[in-house]
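Fold and geometry: a report
What follows is each chain in one-letter form.
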Amino acid sequence: DNRDLIKDLICKGQITRIETVAFSDFRLISKFLQSCSNDIVKSNCGRLANRNSKSTQGDTLSCLQMSITQHSDACKKEIFHISELQADNIKFDRQTFMACSDDVKKFCTDLRGPDIYKCLMKNKSSKQMSKKCENQLNRRSALIANDFRISRGFAKACKEDIKLNHCRKGTSDDKDIRLAQILLCLEAANKNNTKLLPDCLAEIFDHRKMLMDDYKLSPEIIIDCADELGRFCQDTEGAQTIHCLMEHSKPRRKKELRVSAQCLRAVENLIKVTDVGSDWRVDPVLRRACKPVV
């Protein structure tokens, strides 16, 4: 937990070796095991007593991360904490490391640590990105949407601005610290003529794009627009789905073709968080459509 404060290189090397082993077998992380044992069984993410179970090693954590909202508060806290530590080194997330090994060579040569995640995220929509790597990055994106600290680049670049503008007011370590909540706070400060650090502004832009690119990163959209997604937007994906919901939010639509009030609120909140009205580049659909013109 305090590795960033440790200066001794030999000590840091020992910690890195221990981490590599620990992240390959969840049974070695006692607090995680204590908090998540019941969730592991309930989610069919592995069983200690059964070697033929779905997963008894690194896959267990990945399995739990895929259904993060379904677990107990104590287990979610440990999952988020370990996911944050994983962000230091892609090798700590064995599934992403294996799935994206070729993509790292293709897009992110000579990069290290959290920069590899950032590079892969920026290239996620590339046609050259492998589907298996894209799926693993979607898992990481969903975790970031639930807890901004899992994005090391964002947390580091905006640390001072978050503190200065009291963006964590009303939250605690026992609660999810949603990315949307932090983005809204920072964007409000920026519009009130509070100068944010350039690196933080760049991270804000990247994470707004991330939320706009995939509606599945917004739990409110999934929950409050479940009916509309099935009725109006079942043949769309990614940002196209958000545009579909926006289209069916228009007042001129016939009543039976309009989204419900709760879905409308979810769409409006997403637009507010991503601030797409202030910068069209946040919207991948507009970027693709308008690139030749610009």
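Cut-offs and rules
Residues numbered from 1 in each chain as written. Predicted model: local features only at pLDDT ≥ 70, side-chain atom pairs only at ≥ 80, totals over all residues. Heavy atoms only, no water. Helix = DSSP H or I, 4+ residues; strand = E, 2+ residues; numbered from the N terminus. Rg over C-alpha atoms; globule rule 2.2 N^0.38 Å. Buried < 20%, exposed > 50% of the residue type's maximum accessible area, 1.4 Å probe, protein only. Contact = heavy atoms within 4.5 Å. Areas by Shrake-Rupley, 256 points an atom, 1.4 Å probe, with all protein chains shown as cover. Expected span 1.5 Å × (residues − 1). Salt bridge = Lys/Arg side-chain N within 4 Å of Asp/Glu carboxyl O. Axes fitted to C-alpha atoms, helices over the stretch in contact; angles between N-to-C directions. Parallel < 35°, antiparallel > 145°, perpendicular 65-115°, else oblique. Left-handed = near helix turned anticlockwise from the far one by under 90°. pLDDT = per-residue confidence, 0-100. Core = buried A, V, L, I, M, F, W, Y, C linked by side-chain atoms within 4.5 Å. Disulfide = S-S within 2.5 Å. Phe/Tyr/Trp six-rings, centres within 6.5 Å; stacked < 30°, edge-to-face > 60°.

It is worth spelling out the overall build of the protein chain at this point. Secondary structure summary: the protein chain contains 17 helices and zero strands in total. Relative to the 2.2 N^0.38 estimate, which gives 19 Å for 294 residues, the radius of gyration of the protein chain is 20 Å and therefore close to what a compact globule would have. Overall, the protein chain is about 60 × 45 × 40 Å in size when its C-alpha atoms are taken along their principal axes. Residues classed as buried in the protein chain amount to 45% of the 294 residues present. Counting only contacts in the protein chain whose residues sit at least 6 apart along the sequence, the fraction spanning at least 24 positions is 60%. Of the roughly 16900 Å² that the protein chain leaves accessible, carbon and sulfur atoms contribute 51%.

Over its 14 residues, helix α4 (residues 73-86) extends 20 Å from the first C-alpha to the last, a length consistent with the 20 Å expected when each residue adds 1.5 Å. Counting buried residues in α4 gives ten out of 14 residues, a clear majority hidden from the surface. What α4 keeps buried is the set C75, K76, E78, I79, F80, I82, S83, E84, L85 and Q86. For α4, the elements touching its buried residues are α2 (30-42), α3 (59-66), α7 (114-122), α8 (131-146) and α9 (152-157).

To continue, consider unusual backbone geometry. Backbone geometry places D110, a non-glycine residue, at a positive phi of 75°. Along the polypeptide, D110 turns up in the loop between α6 (101-107) and α7. Phi is positive for H166, close to 55°, though the residue is something other than glycine. Here H166 shows up in the loop between α10 (159-164) and α11 (179-191).

Right, let's talk about the pattern of salt bridges for a bit. Across all of its chains, the model carries 13 salt bridges by this definition. E84 is paired through a salt bridge with R152; the nearest N and O atoms lie 3.1 Å apart. With E84 in helix α4 and R152 in helix α9, this pair connects stretches of sequence that are 68 residues apart. The pair E84 / R152 is uniform in exposure class, with both members buried.

It is at 8 Å that the axes of α2 and α4 come closest, and there the two elements cross at 130°. With respect to α4, the axis of α2 lies oblique. Read as a crossing pair, α2 and α4 show a hand that is left-handed. Every residue of α4 that contacts α2 at K31, F32, S35, C36 and D39 is listed here: A74, C75, E78, I79 and I82.

Next up on the list: the side chain of E19. If you trace the backbone, E19 turns up in helix α1 (residues 9-22). Setting aside residues no more than four positions away along its own chain, E19 makes contact with R3 and F92.

This next bit is on the confidence of the model for the protein chain. With 92% of its residues at a pLDDT of 70 or more, the protein chain shows a mean pLDDT of 86. Across residues 52-56, where pLDDT falls below 50, the model places 13 contacts with residues more than four positions away in sequence or in other chains.

For the rest of this paragraph, the subject is the nonpolar core. Judged by nonpolar contacts, the single largest core of 58 residues is most densely connected at F154, L186 and L245. When sequence neighbours within four positions are dropped, the list of residues in contact with L245 reads I221, C225, E228, L229, C233, V259, C263 and V267. The next biggest cluster of nonpolar side chains, apart from the first, holds twelve residues, and it includes V104, I116, Y117 and L120.

Time to look at the state of the cysteines. Enumeration over the complete set of coordinates arrives at eight disulfides. Sulfur-sulfur distance for the disulfide between C108 and C119 comes to 2.1 Å. Note on the C108 and C119 pair: the S-S dihedral is about -95°, so by sign convention the disulfide is left-handed. Of this pair, C108 sits in the loop between α6 and α7 while C119 sits in helix α7, and the two are eleven residues apart along the sequence.

This next bit is on the environment of I177. On the secondary structure map, I177 appears in the loop between α10 and α11. Counting along the chain gives 22 residues from I177 to A155, while the straight-line C-alpha distance between them is 12 Å.

Burial of α3 is extensive: six of the eight residues sit out of reach of the surface. Among the residues of α3, T60, L61, S62, C63, L64 and Q65 are the ones counted as buried. Looking at the buried side of α3, the elements it contacts are α2, α4, α5 (94-99) and α8.

Inspection of every chain in the model, using the stated rule, returns one aromatic pair. Judged by centre distance (6.0 Å) and plane angle (80°), the ring pair of F148 and F154 falls under edge-to-face. Residue classification places F154 among the buried residues on the basis of a relative accessible area of 0%.

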